[in-house]
Every structure is written in structure tokens, then in C-alpha cells.
Amino acid sequence: MRVSSIPFFRKVPFVRILPPFIAGILIQYYFPHTFVLPLVILLISLLLLLLHTFTSIRLKFRFRRLTATLLYTCLFCLGSILTRERNIRYQKDWIGQYNIKKQALVLQFTSQPIERDKTWKIEATVLAIQDNQVWQKASGKIWLYIHKQLKGLEKDQWIITRKSLQPINRIQNPGSFDYAAHCARQGIYHSLYLEEKDFYVIKRVTDTRNLLIRAQEYVRTVFHKYIPGQQEKAIAEALVIGYKYDLEDDLLQAYSNTGVVHVIAVSGMHLGLIYGFLLLLTKFLQRNLISRWIRAILILLFIWVFTGLTGAGPSVLRAAVIFSLMILGELLLRKNNTYNTLAVSAFLLLVINPFYLWDIGFQLSYLAVLSIVWISGPLYRSVYISFRPIRYLWQLTAVTLSAQVLTTPVIVYHFHQFPNLFLLTNLLIVPLSGLVMYGCIFLLLISPLHDIARLSGLVIQKILAIMNQCIRIFDQLDFAVTNHIDLHLIQVLLYYIIVAAIGCRIVYKRSQWTMIAMCSAIVIVAFHSYRQINIRDTVRLAVYQMGAQTVTDIGSSGHYFSWVSGNTDQAARFLSSARTKLGFVQSHGTVSTKQYPVVSMKGHHWVFTGEVPGHGSFPVDIVVIQKGSFLNMSDLHRVFKARQYIFDGNNALWKIRKWKKEADSLHLRHHSVPEQGAFVMEY
């Protein structure tokens, strides 16, 4: 007797729906266009689908592929329209549509002030602008930086200022994080620095704190009261409510280098711990339908309150939506398919905000869960261990290894490093972090009992101290992390083709999948080999865009020297990705441009100067002008006869523009680092 089975893609309709919807988002983002054409196509497709419902069964079967095509077209157009509609730049009253120079603005604080070294950082919404002496409604979000000496700043306060908004400019260094694009995807295109004299409050709310803000403040107050140790408090805040602003940069980097940064970034793992605890706590509410509904409502309420408490980041939202769907599926007696549930949650989140697609937390969250669901089960079952403690350890190992399969290329692509000790650190830190999580919840529940709370806080502090100490020890090992890994986007895509091909080879037992995997691996190796040959045979000069600081690297074959005028530690952190992209791996030293103003390498000469020498002629390839005062380009060129002149970030923009006009009149090649980004020359 032949047993028929339902094909996989028939059981996961949202897995089929998601790709065309995402394609519409991507096309609108990278190739912006008006929503008129997608809207017309959407309406026509919907009309044809409506007509199709009234046709006979024979015609429906005959044109079933056309029906699927129309449905996918609708989803594609919907993704395009939503992305356009969510982009604030296309709104008529967006602040960027006005002349924002010296115009009065009414702003409302939309976030609690975040304490930084010298300022308070606050997200604010523009409510109105005074354009031609007339107040007009305006929209848009900005980042406010207010001098730290000012106190009493609260969410929902209204202020008025005449200081001009500053656009958030892109830092254009090779391979560097595009902060301007990151802000733009949040609808933020401008920033503003204010001192006390630059604004005044026009609406001060006596108590603007909503319940979630009060809850966050209560949690932080309890932790600061009962948990000793500054960084232990900071880790507890990050674990429970996602507040990471008290963490030291070195400790945060250590967690990242050892592969356990997800522990202190509130994610689905934390919500999963709480979900499991709630299931256990409400297990007695399973007697009848009414009690099951009460249980579901209580769990859903707690999950979404916790999600709001942590700031509702994409990874937490993903977990909250999935758990909500699972709970509703159980109540409605519907069998949950994990892949379909994942696709449903992703679809819903992208409908709410299509720009989640570019959020690294969103990407890693879904890839990690998909990898665990797909691989961890077969991997765990491949080895049977009868001893329960060792079996639990193997289960945790299988989950950790599985999560790395699909997340590794994205991590390496974005951060250019791989934590070699991720398995060891996860096996140690994840159980401890779960213990701390439950301990912190217990501490919050018994906080009115001061003696017990103080003892609980002390125990939590000891565990957190052990965690931090272990992380620091692992981070100090030379082999803890592999740095300076540069992956091209094509290599990332080929990696996923290899993983998919191996999976298909195991399932379908066909040799062509092996060939696909091998060919993809050969192309990845070819990309890597070409890059290494290029690094070995090329001399590069890079003048970086780094605010008012001058940082220049010159090197070849992976080795480089740096000419710096400023904080070298800050430069090392800020330029790590750019140096990886350029193939600068090992530093041979850092020197001052004042002490060593002339550089010669392989027959090429570069000069760093801010003035014109009094006499002589010195032909060079590049002149980097830094902190130039009253020089003019004709005198400078008479001395150096350079092929190109570079104006670095130490120079005021008005001076650079003056020099550019002089250089244009003399037909001299020039490059402005503050305006055009980093200058890179290859020889």
C-alpha cells in the first residue's frame, strides 16, 4: 500500500511567502521608486485573483501556476509599498524638506536620557518648525546631545531651540560600520548638540514615566542596592532589561571576543528561560479549557511586558512572537511547524518595520534559531550517552555547535573576527547566565525582604564575578580570537550554498549536490587566494576619515606603519574594520607626523605638512596637508610638485574649500578627507 506524504513546502506556506516579500523590500531600498507602479500592479493582481475565485475547478487547476505568480507579485509589491511608506524621507512634512538653518524648532524627548562621557544622549521628535516666521507642523527624529552638567531632563519634555540641525554624515572608511545608514533605517538623519544657553523648556511634565520606565528604574534601583560591584551590577542590568550603558568597553569587547556577547544582549535565549519558568509555574492551570485560557493570557502578558521592559529589540520581538504563536496554536489545537512559525514571525515583524531586515540582531536571531532547529536534533541523536549529566552537556554542545553553522559567516562578515573558544565559553557561561537570570528574578520578587535580598545579591555578585573573571582570562589568551578576516558578500552567499548542498546531499543522496558544494568551496578559496596575492604585491597609502584626528597607514604584505596625531588606542578600535579590508594585519609601529613628516617606501615619497617650506624643491607623490594655516596652493606646489594633495580632518572646512578652488585653478589633483571620505592609493 502506497502512503502519500505532504511535500515540505506545502506544510510551510509562510516559508514560500517570505522570499518575494523580502525581495520587494530590497528592491525598494536599493533602487528607490514611487509606490504608484507597485500599487497599480498590486491592484491588478488582486483583481485577477478575485476573478480567479469565480472560475471552475478545472480552470483553477489549469492556471494554478499563474495563481501562485499573482500571489507572489502581490507580496513583492506589498514589500515595496511598505518600505516606501515607512521611509520618513518621503513624508511631506519631514524636517529635511525645510530649510533648517537658524530656524526655531519645537522638540519632544522620546527617550530617557542616556549618560555618556560628556553628554546626555536623547532621541527627540520634531513637532514644529518656524519657517518664514510661520509655525508649521513637522516630523522626523533626531539625536540630541546635551551637556552633561544639565540635570532634570526627562522623557516627554518639550524644548525650543534655534540652533541648526546637523546632518549625520557618513564616515567613509573602507569596510567601516556605516553609522549614518544605521541611523537612517531608524528614521534619524540629523543630530544636535545643545548647551544650557541654546534652548529652554516650554513644557515640563511632572511625572512622565510610564509603567515600563518605572519598572526599568525599579529594577536598576534594586540591583544597585543589593548587588555589590560596579560591573556585576552592569551585567545584571544587561541580562534582565538589556541596559548596557554601564558596561565598560573592555569587558563588552571581552564578551564579544570569546563568543558569548549574546549572553549580555537580551535575546530569545533569555525570553526562553522566562517562558520555561512560566510554563513550570503555571503547570497547575491545565485542568480545563477556561484554566488553559487563563494560563495562556498570563504567560502572554508576562512575555510582552518583559519584551517592552527590555526595549523590544528585534531578537526579543522574534522570540515573543514565536512563543505567542505557539501558545495560541496549543489553545486552538493546531499543530505547530517550527519553520512555518519562524517565517510567520519574520513576516509580521517586517510588516511592522521592513528595516529590521538590516538589523544584525534580527539576522543573527533568525539564523541561530533556524540552525538549531535544523541541525541540533540530528546532531544530538547521532551520539547516545546514557549518563544524564554528560548527556545534558552533549545536548548543550550540540545546540552551541548548531547555532554557529548559519551565524558564523554573518558574524565574520560584519565583525571580521571569529571567537575560537566559543564552544568552551558557551558551555561554561550559558548555564551560569541562566542561573544569574533566575537569581535576579528571585531578587526582584523578594526585594522588600532586605536581609534575604542582600544575601541573594551577594550570591549573584559572586557568580557574576566568576563569569567576568573567566571571560577576561579566556580573552587574554593569544588564540582566543582570530582577527582580520575579510569576507566578500559573494563568499557569504557561497557558504550558504555549501551548507544547503550538504543538507540536500544527506537527504536526497544525489551526487550533484556534492559537486555544487565542491564548486562553491573552490570559488571561495579562489576569492581568498586572489585577495592574498593582491595584499602581497600592493603598497597602499590610506588617509582615514576620523574627525579632527589624523591617522595614516602605509604598508604592504599585511604589514604597515601608522602616522598618527592623537589617541592611538581610539584609532586602533575605530579603524579595525578598515585595516582588515585593506589587508593591514600587523603593525610595525606608530609614529608622530611631527617627528617624521617625510615617508619613503619602494621609490614613493609622501609628506605630512601644515606649512610651506621657506626654500628648496622636493618632488613627492603625495602631500597630506594637516592643520594648514595661511598656506596657498601655488607656493606649496612650487616646492613639492606633488601628483596629488590631500586635505585631512584637522583642517577647517572653509579652509579646505578655499584650497580646493586654488587647486582647481592650477589644475592640481586634490582630495578632501572630511568631505569625500578616506583616501586610498595603491602602487
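Relevant structure appears above.
The rules behind these values
Residues numbered from 1 in each chain as written. Predicted model: local features only at pLDDT ≥ 70, side-chain atom pairs only at ≥ 80, totals over all residues. Heavy atoms only, no water. Pairing = 2+ DSSP bridges. Helix = DSSP H or I, 4+ residues; strand = E, 2+ residues; numbered from the N terminus. Axes fitted to C-alpha atoms, helices over the stretch in contact; angles between N-to-C directions. Contact = heavy atoms within 4.5 Å. Salt bridge = Lys/Arg side-chain N within 4 Å of Asp/Glu carboxyl O. Buried < 20%, exposed > 50% of the residue type's maximum accessible area, 1.4 Å probe, protein only. Parallel < 35°, antiparallel > 145°, perpendicular 65-115°, else oblique. Left-handed = near helix turned anticlockwise from the far one by under 90°. Nonpolar A, V, L, I, M, F, W, Y, C, P; charged D, E, K, R; others polar. Expected span 1.5 Å × (residues − 1). Patch = residues over 30% accessible without salt bridge, like charges linked within 9 Å, V, L, I, M, F, W, Y side chains within 5 Å. Areas by Shrake-Rupley, 256 points an atom, 1.4 Å probe, with all protein chains shown as cover. Core = buried A, V, L, I, M, F, W, Y, C linked by side-chain atoms within 4.5 Å.

### A word on the sheet that holds strand β20 (residues 670-672)
Working step 1: Overall, mixed pairing links the five strands, which are arranged β16-β17-β18-β19-β20 in an open sheet. A single partner strand is all that each edge strand has here, and the edge strands are β16 (598-601) and β20. Between one strand axis and the next, the sheet turns by 15° as a mean value, whatever way the strands run.
Working step 2: Relative to strand β19 (residues 644-647), strand β18 (residues 622-625) runs parallel, the two being bridged by four bridges. From the neighbouring strand, V624 faces β19, where its bridge partner is I646.
Working step 3: Docked against the sheet, helix α23 (residues 653-665) engages β18, β19 and β20, running at close to 165° with respect to β20.

### Describing the pattern of salt bridges
Working step 1: Tallied over the entire structure, the rule returns 20 salt bridges.
Working step 2: With a closest N to O distance of 2.9 Å, E662 and K658 form a salt bridge. Residue E662 and its partner K658 are both found in helix α23; the two are separated by four residues, about one turn of the helix.
Working step 3: Residue E675 is joined to K660 by a salt bridge in which the shortest nitrogen-to-oxygen separation is 3.0 Å. You can see E675 sitting in helix α24 (residues 673-676) and its partner K660 sitting in helix α23, a full 15 residues away along the chain.
Working step 4: Residue E675 is classed as partly exposed on the basis of its relative accessible area of 29%.
Working step 5: The network of salt bridges with shared partners includes K163, K197 and D198.

### Examining the packing of helix α3 (residues 36-52) against helix α5 (residues 64-86)
Working step 1: One can describe the packing of α3 onto α5 by two numbers: an axis separation of 9 Å at closest approach and a directional angle of 150°. Taken together, α3 and α5 sit at an angle that is classed as roughly antiparallel. Between α3 and α5 lies a crossing of left-handed hand. Across the interface between the two elements, P38, L39, I41, L42, S45, L46, L48, L49 and H52 from α3 touch T67, L70, L71, T73, C74, C77, S80 and I81 from α5.
Working step 2: Taken together, the residues of the contact of α3 with α5 break down into twelve nonpolar, five polar and no charged.

### Topic: the pairing of strand β17 (residues 604-609)
Working step 1: The element β17 is largely enclosed, with a buried count of five among its six residues.
Working step 2: The pairing of β16 with β17 spans four bridges and is classified as antiparallel. When the bridges of β17 are listed, V599 appears paired with W606.
Working step 3: The hairpin formed by β16 and β17 contains two residues between the paired strands, and K602 there has a positive phi angle of roughly 50°.
Working step 4: Where β17 and β18 come together, four bridges link them in parallel fashion.

### Quick look at helix α8 (residues 230-241)
Working step 1: An ideal rise of 1.5 Å per residue puts 16 Å on twelve residues; α8 measures up with 16 Å between its terminal C-alpha atoms.
Working step 2: With eleven of twelve residues buried, α8 lies mostly within the body of the structure.
Working step 3: Elements that come into contact with the buried residues of α8 comprise α7 (211-226), α9 (249-257), α10 (268-281), α11 (289-309), α16 (422-445) and α17 (450-475).
Working step 4: Positive phi appears at G242, one or two residues downstream of α8, with a value of about 70°.

### Side note on a nonpolar patch on the surface
Working step 1: A cluster of nonpolar residues, F35, V36, L39, V40, L43, I44, L46, L47, L48, L50, L51 and F54, forms a patch on the protein surface that exposes about 1,100 Å² of accessible area.
Working step 2: Mapping L43 onto the fold places it in helix α3.
Working step 3: Judged by its relative accessible area of 51%, L43 falls in the exposed class.

### Observations concerning the sheet that holds strand β15 (residues 586-592)
Working step 1: Read across the open sheet, the five strands follow the order β15-β14-β13-β12-β21; overall the sheet is mixed. Bordering the open sheet on either side are β15 and β21 (679-682), each of which pairs with just one other strand. With direction set aside, neighbouring strand axes in the sheet form an average angle of 15°.

### Observations concerning the nonpolar core
Working step 1: Of all hydrophobic cores here, the largest spans 36 residues; its most connected members are F223 and L443.
Working step 2: In this structure, F223 is in contact with K233, A236, E237, V240, C440, L443 and L444, ignoring residues within four places of it in sequence.
Working step 3: With 25 residues, the next largest nonpolar core counts Y98, I146, A184 and Y189 among its residues.

### Looking at unusual backbone geometry
Working step 1: Located in the positive-phi region is D156, a residue other than glycine, with phi close to 80°.
Working step 2: Looking at the element boundaries, D156 is found in the loop between β5 (141-147) and β6 (158-161).
Working step 3: Assessed through its relative accessible area of 25%, D156 is described here as partly exposed.
Working step 4: A positive phi is found at K509, a non-glycine position, where the angle reads about 60°.
Working step 5: Along the chain, K509 falls in the loop between α18 (489-508) and α19 (511-537).

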